[in-house]
Amino acid sequence: MYKTSLILAAGDGKRMKSETPKVMHKVCGYPLVKHVFNAVKTVSDDEPIVITGRCGELLHNLFNDEARYAEQTERRGTAHAVMCGEHYLKGKSGYVTITAGDMPMITGATFEKLVLTAINNNMSACVLTAVVDNADGYGRIIRDIDGSVKGIVEHRDATDEQKSIREINTSIYCFNIEDLLDSLKLVDSNNAQGELYLTDTLGILRSQGKKVGACIVDDVTESMGINDRVQLSQAEKMMRKRINENLMRQGVTFIDPDNTYVEACVEIGADTVIYAGNVLTGNTVIGKNCIIYPNNRIEDSVIGDDAEIQSSVILSSKIGDGTTVGPYAYVRPETVVGNKARIGDFVEIKKSQIGDGTKVSHLTYVGDAKIGKNCNMGCGTVFVNYDGKNKYKTVVGDHVFIGCNANLIAPLNIGDNALIAAGSTVTEDVGDNDLCIARSRQTNKKGWVLNYKNWKQ
């Protein structure tokens, strides 16, 4: 049985009060429509059809060739939106799932249940419904005496009696493709808004003797659509709870899941412990047996197994197995830190490679550098990589010891087993096994301070 899907994503979402189209607002790292897209792919034999409007270019950039596109240039209702993409459906025999693009909580499992309900019961249309405590603003499901769906009445068109119904339309449907296309030809705009409603197709199909049914969603939170910033924040909270609970079921420990922020595409290995206040975003992957202490920001980075991270920022970088970072370290993009290394407090690493077992313990800046294995960077070491115009690289060999407050003026090469004396400003290459002392000779002038004080008086 052929199955495809169509996402309605042309609306502006004026209640969001934003220059950004509604479906492009994010929940847990993904635009609203991306969550919908990921879920509906489970019931699509080909690329989902995305109905675009003002955000057409944004949607093209988001999905590229993973989707097919049709533009709705005029906003004339949901049936009109489907008509804009019906050329993809003509000549097809099977079922199409139609969904709004602003429902981030919907899951692939629910789409599968909806489609199977339609197919197994030979329905021309099946509506995903939800039973809610407060149905204000939603279309009401009107059922016949046999329990089939007689129609859907929009809130603004409903009578007082119909408004008392608690079963609502989620704006998600599964249609027999041929029956849908036939019924769209008969939809008119005789309603309060003067629009072409997709819901009217259900009554049309029933009048033709076709079977129209419903599938009630198991988790009512999946029916949530986003119309304003308040609902956006509510969805963020619910999605974060879902993500964290899924990770806990996979063996991750959260000390305080309500105050831990993990985006949708983050991966975390078993037996890792995540403390409160962490913000884990983008394509971040955290290995097994790690301890992520409070208040880290980790974005688009890979953290190896058995690592420990404390109160630090790690961006687009890779941290090796058994390595410790922080507290208060700043690891900037394109940094690679090896295994069992140490990046300590108030250390900044920029676009550098740090070898296995190397320690950069405190108050040090490493920029545009390649450091070998088992080295030690003394407190206050600065890799001076910028001359005001160009950036230059420093290469440090293996087993190098650099004393406190050394300045390494790039471009520079320091050989294996070299030792840089504390306080040195190094401007020339240092060979293997060399001791480098690059500082002025100390001079003590006896009694000079007393004479200086007398002169000032």
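Residues numbered from 1 in each chain as written. Predicted model: local features only at pLDDT ≥ 70, side-chain atom pairs only at ≥ 80, totals over all residues. Heavy atoms only, no water.

A. Representation of the packing of aromatic side chains. Under the defined criterion, the tally for this structure stands at four aromatic pairs. Between F37 and F63 the ring centres are 4.1 Å apart and the planes differ by 20 degrees, which places this aromatic pair in the stacked class. A residue pair is termed long-range when its members are at least 10 positions apart, and F37 in helix α1 (residues 32-40) and F63 in helix α2 (residues 56-63) qualify at 26 residues. The pair F37 / F63 is uniform in exposure class, with both members buried. Taking the centre distance of 5.2 Å and the plane angle of 25 degrees together, the rings of Y328 and F346 count as stacked. Of this pair, Y328 sits in the loop between β24 (324-325) and β25 (330-331) while F346 sits in the loop between β27 (342-345) and β28 (348-350), and the two are 18 residues apart along the sequence. (Phe/Tyr/Trp six-rings, centres within 6.5 Å; stacked < 30°, edge-to-face > 60°. Helix = DSSP H or I, 4+ residues; strand = E, 2+ residues; numbered from the N terminus. Buried < 20%, exposed > 50% of the residue type's maximum accessible area, 1.4 Å probe, protein only.)

B. Broad picture of the packing of helix α6 (residues 177-184) against helix α7 (residues 200-207). Look at α6 against α7: their axes get within 9 Å of each other, and the N-to-C directions meet at 105 degrees. The orientation of α6 with respect to α7, classified from their angle, is roughly perpendicular. Only T201, I204 and L205 of α7 make contact with α6, whose side of the interface consists of D179, S183 and L184. Classifying every residue of the contact of α6 with α7 gives three nonpolar, two polar and one charged. (Axes fitted to C-alpha atoms, helices over the stretch in contact; angles between N-to-C directions. Parallel < 35°, antiparallel > 145°, perpendicular 65-115°, else oblique. Contact = heavy atoms within 4.5 Å. Nonpolar A, V, L, I, M, F, W, Y, C, P; charged D, E, K, R; others polar.)

C. Broad picture of the side chain of K34. With respect to the secondary-structure elements, K34 resides in helix α1. Within the buried set, K34 has no salt-bridge partner at all; the shortest N-O distance to an opposite charge, 4.8 Å, is to E66. Ignoring anything within four residues of it in the chain, the contact list for K34 reads L62 and F63. (Lys, Arg positive; Asp, Glu negative; His and termini not counted. Salt bridge = Lys/Arg side-chain N within 4 Å of Asp/Glu carboxyl O.)

D. Focus on the pairing of strand β7 (residues 125-131). When you tally the buried positions in β7, you get six out of seven residues, the bulk of the element. Inspection of the sheet shows β7 paired to strand β10 (residues 167-176) by seven bridges, in the antiparallel sense. Bridging from a neighbouring strand, A125 pairs with F175 of β10. One ladder, built from five bridges, connects β7 with strand β11 (residues 212-216); its direction is parallel. Looking at the pairing, T129 lines up with I216 of β11. (Pairing = 2+ DSSP bridges.)

E. Spotlight on the nonpolar core. Within the largest apolar cluster, 56 residues are counted, with the highest numbers of intra-cluster contacts made by I303, I343, I371 and I414. With five residues, the top contributor of residues to this core is helix α8 (residues 229-249). Among residues more than four places away in sequence, those in contact with I343 are T324, V325, G326, A329, V337, I349, I354 and V360. (Core = buried A, V, L, I, M, F, W, Y, C linked by side-chain atoms within 4.5 Å.)

F. Quick peek at the environment of V96. Mapped onto the fold, V96 is located in strand β6 (residues 94-100). You can call V96 buried: its relative accessible area is 0%. For V96 and S5, which are 91 residues apart along the polypeptide, the C-alpha to C-alpha distance reads 5.0 Å. Not counting residues up to four positions away in its chain, the partners in contact with V96 are T4, S5, L6, L89, Y173, C174, F175, I177 and L180.

G. Quick peek at the sheet that holds strand β39 (residues 419-420). Taken in spatial order, the eleven strands line up as β12-β15-β18-β21-β24-β27-β30-β33-β36-β39-β41 in an open sheet, and their pairing is parallel. Looking at which strands have only one partner, the edges of the open sheet turn out to be β12 (253-254) and β41 (435-436). In the sheet, strand β21 (residues 308-309) pairs with β24 via two bridges, with the strands oriented parallel. What sits directly across from E308, in β24, is T324.

H. How the structure looks around the sheet that holds strand β23 (residues 318-319). Reading across the sheet, the nine strands line up as β14-β17-β20-β23-β26-β29-β32-β35-β38 and stay open at both edges, with parallel pairing between neighbours. Each end of this open sheet is capped by a strand with a single partner; those strands are β14 (267-268) and β38 (412-414). Examined bridge by bridge, strand β29 (residues 353-354) and strand β32 (residues 369-371) share two bridges and lie parallel to one another. Bridge pairing links I354 to I371 in β32.

Read these as spatial facts, not as claims about activity.
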